[in-house]
Amino acid sequence: MTEKIRVRYAPSPTGHLHIGNARTAIFNWIFARHNNGTFIIRIEDTDTARNVEGGEESQLDNLKWLGIDWDESPDKPNDQYGPYRQSERNAQGIYQKYIDELLEKGLAYKSYKSSEQLASEREAQMAAKQAPHYVYEYEGLSNEEREAKYAEFEAQGLKPVIRFRVPEEQIFEWNDIVKGPMKIAAKEVGGDWVIQKADGMPTYNFAVVVDDHLMEISHVLRGDDHVSNTPKQMMIYEALGWTIPTFGHMTLIINGETGKKLSKRDENVLQFVEQYRELGYLPQAMFNFIGLLGWSPKGEDEIFTAQEFIEMFDETRLSKSPAKFDQKKLQWINNQWMRRSLETVMPQLAEQLVQAGLLREGDYQGNSAFYNKMFEIAGVEGISYTKEIVELVRYPFFELHDLSEDDKALVEEPQNDQLIADFRNQLGSLADFSAGNIMDVIRGLQTEDIKGRALWNPLRLATTRETQGPNLPEILALMGKDWTLRNIDSL
Ligand code: GLU
């Protein structure tokens, strides 16, 4: 490609980062990086009713967590193209200029219909079995006559919206990077549509064109749900005499279990990057999983770094068929990543243990033997995400079960009571609380009568409240002397 590649991710700050949006961001980023292009973040916040406080921040924070960086954004403006929030662009009159141009050229007009009027027109169309469409109210009027109507409505105190006059007979065609040749007739868009609301805000389909043009966006890679918007956007490009960028609409994401479109209302499927982050999924694994939603490399391998995705990227391998959101696969990919990089799981596990109230911040910091033991005990081969480990190591490492009646009777038998007291004394005087020394103490307590389970069960119960578990001297050494003596003393 010889032209300068400029792509953007344009979130509306309406909530957390959804998997579908994360995919759009990831593919635009990969596309930009693969082609030495520029990756831009633009905030589409013109639908003020839907904006949520902190929405922009949370989106960007989650993108960063996934390992994505950007070249231009509200916080990294390039003066030639900024500002990067539509609300700020609107305040500067950027959209108004083009609204005025379209009004002047007679390609847009002021419309004063009330919502009741629109609803009753729609009802009449439905009754007549017609597809709902907007009915142009100034048909056959000259410019002067139309202006006179405006003045009449204004005198009644009505506020207009601005509608674009759709060229009904036109067919819009584009060659979609993902879907191939596409064709949508202007008739299908439902008639003249609003480009500016009564409050002066531009609508998405209008603002997006002005911004993509002024920001010199070369490729628009976005979700399948925007296909029906594309002809609307193309008619604006044409009306303003601008070059249309190359479009690519990434395939729908479907729920792997039901086969239906993944919907935010699907409560069984976690769909926000944040939710996986909270469970202790690794960012590399999330990126890896999302990078395979609607795109596949050559060959059978499925575990890739972001850098590998960038190198391998080939837009002809973007899939036309729906991408399955398969949580089992995500778990498998995360497990692969955990096993590859236990070092990166350690701080996550520490965080999870602190959150569960089991560790204080800073405890066992940098103690890889401790964390490796936790992984070993939890059996990292079978783990999908870090938070699962917490439950597997909760007992007896951070909390103790109560002894059952039988176990209580066992440790209280005089012979065992004495054994445990001796054990405590000898452990207490160990200068080096190593597994080897602990083993020596246990061996020293062994007699003809007290050996095997008769020896180990009381000692294990006294220190861990369990009769089974991993190698006892190793665990005691790992958890330390304070922990061990405290457990015995609280019997
Ligand atoms: N703000 C739009 C959205 O969040 C962007 C769509 C586009 O990329 O054109 O869906």
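In the block above lies the structure referred to throughout.
Quick notes on the rules
Residues numbered from 1 in each chain as written. Predicted model: local features only at pLDDT ≥ 70, side-chain atom pairs only at ≥ 80, totals over all residues. Heavy atoms only, no water. Helix = DSSP H or I, 4+ residues; strand = E, 2+ residues; numbered from the N terminus. Buried < 20%, exposed > 50% of the residue type's maximum accessible area, 1.4 Å probe, protein only. Contact = heavy atoms within 4.5 Å. Axes fitted to C-alpha atoms, helices over the stretch in contact; angles between N-to-C directions. Parallel < 35°, antiparallel > 145°, perpendicular 65-115°, else oblique. Near = heavy atom within 4 Å. Polar contact = N/O pair within 3.5 Å; in protein donor to acceptor, adjacent residues only side chain to side chain. Areas by Shrake-Rupley, 256 points an atom, 1.4 Å probe, with all protein chains shown as cover. Nonpolar A, V, L, I, M, F, W, Y, C, P; charged D, E, K, R; others polar. Pairing = 2+ DSSP bridges. Salt bridge = Lys/Arg side-chain N within 4 Å of Asp/Glu carboxyl O.

Position of I333 relative to the elements: it lies in helix α12 (residues 327-340). The class for I333 is buried, based on a relative accessible area of 0%. In the structure, I333 is positioned 50 residues away from P283 in sequence and 11 Å away in space, judged by C-alpha atoms. The residues touching I333, leaving out its near neighbours within four places in the chain, are A285, N288, F289, L292 and I303.

A word on the side chain of N457. With respect to the element layout, N457 can be found in helix α19 (residues 453-464). Apart from residues lying up to four places away in sequence, N457 is in contact with L410 and T467.

In a pair of packed helices, the angle between the axes and the distance between the axes together describe the arrangement. The interhelical angle for the contact between helix α16 (residues 405-412) and helix α17 (residues 414-428), taken along N-to-C directions, is 75°, at an axis separation of 5 Å. Overall, the two elements α16 and α17 adopt an arrangement that is roughly perpendicular. Residues L410, V411 and E412 of α16 touch α17, and the partners they reach there are P414, N416, D417 and I420.

A few words now on the site of the ligand. Every residue lining the ligand is accounted for by R8, A10, S12, E44, Y204, V208, R222 and H226. A distance of 2.6 Å separates a nitrogen atom of the ligand from a polar side-chain atom of E44. At 2.9 Å from an oxygen atom of the ligand is found a side-chain nitrogen or oxygen belonging to R222. With the chains in place, 83% of the 300 Å² that the ligand exposes on its own is no longer accessible. Split by residue class, the shell around the ligand holds three nonpolar, two polar and three charged.

Between helix α1 (residues 19-34) and helix α10 (residues 283-290), whose axes approach to 10 Å, the crossing angle comes to 85°. Accordingly, the angle class assigned to the pair α1 and α10 is roughly perpendicular. Side by side, α1 and α10 meet where I19, A22, R23, I26, F27, W29 and I30 of the first sit next to M286, F287 and I290 of the second. Each residue belonging to the contact of α1 with α10 can be placed in one class, and the counts come to nine nonpolar, no polar and one charged.

Burial along strand β4 (residues 161-164) is two-sided: V161 and R163 facing one way and I162 and F164 facing the other are all buried. In this structure, strand β3 (residues 108-111) lies alongside β4, joined through four bridges in antiparallel fashion. Looking across to β4, one finds that Y109 is bridged to R163.

Let us look at the pattern of salt bridges. As enumerated under the stated definition, the model contains 26 salt bridges in all. A salt bridge links D69 to R33; its shortest N-O distance comes to 3.2 Å. Within this pair, whereas D69 is found in the loop between α2 (55-65) and α3 (86-91), its partner R33 is found in helix α1, the two being separated by 36 residues in sequence. Residues K329 and E302 are paired through a salt bridge, measuring 2.7 Å at the closest nitrogen-oxygen approach. In this pair, K329 sits in helix α12 while E302 sits in the loop between α10 and α11 (306-312), placing the two residues 27 residues apart along the sequence. Accessibility expressed as a relative area gives 29% for E302, which makes it partly exposed.

A word on the pairing of strand β5 (residues 171-176). Residue alternation in β5 divides its side chains into a buried set, F172, W174 and D176, and an unburied set, I171, E173 and N175. Here six bridges tie β5 to strand β6 (residues 180-185), and the two strands are oriented antiparallel to one another. When the bridges of β6 are listed, W174 appears paired with M182. Linkage of β5 to β6, two consecutive antiparallel strands, is achieved through a turn of three residues.

This part covers the side chain of T251. Tracing the sequence through the fold places T251 in the loop between β9 (246-250) and β10 (253-255). Once residues lying within four places of it in the same chain are set aside, the contact partners of T251 are R23, D224, G294, S319, K320, S321, P322 and A323.

Going from G82 to P83, the amide bond is cis rather than trans, its omega being -5°. Along the chain, the position of P83 falls in the loop between α2 and α3. That bond from Y395 to P396 is cis: its omega, -5°, falls within 30 degrees of zero. Mapped onto the elements of the fold, P396 is located in helix α15 (residues 386-398). Even without being glycine, N36 reaches a positive phi, approximately 50°. Position of N36 relative to the elements: it lies in the loop between α1 and β2 (38-41). The exposure class of N36 is exposed, given its relative accessible area of 69%. If you check the backbone angles, K129 has positive phi at about 55° while not being a glycine.

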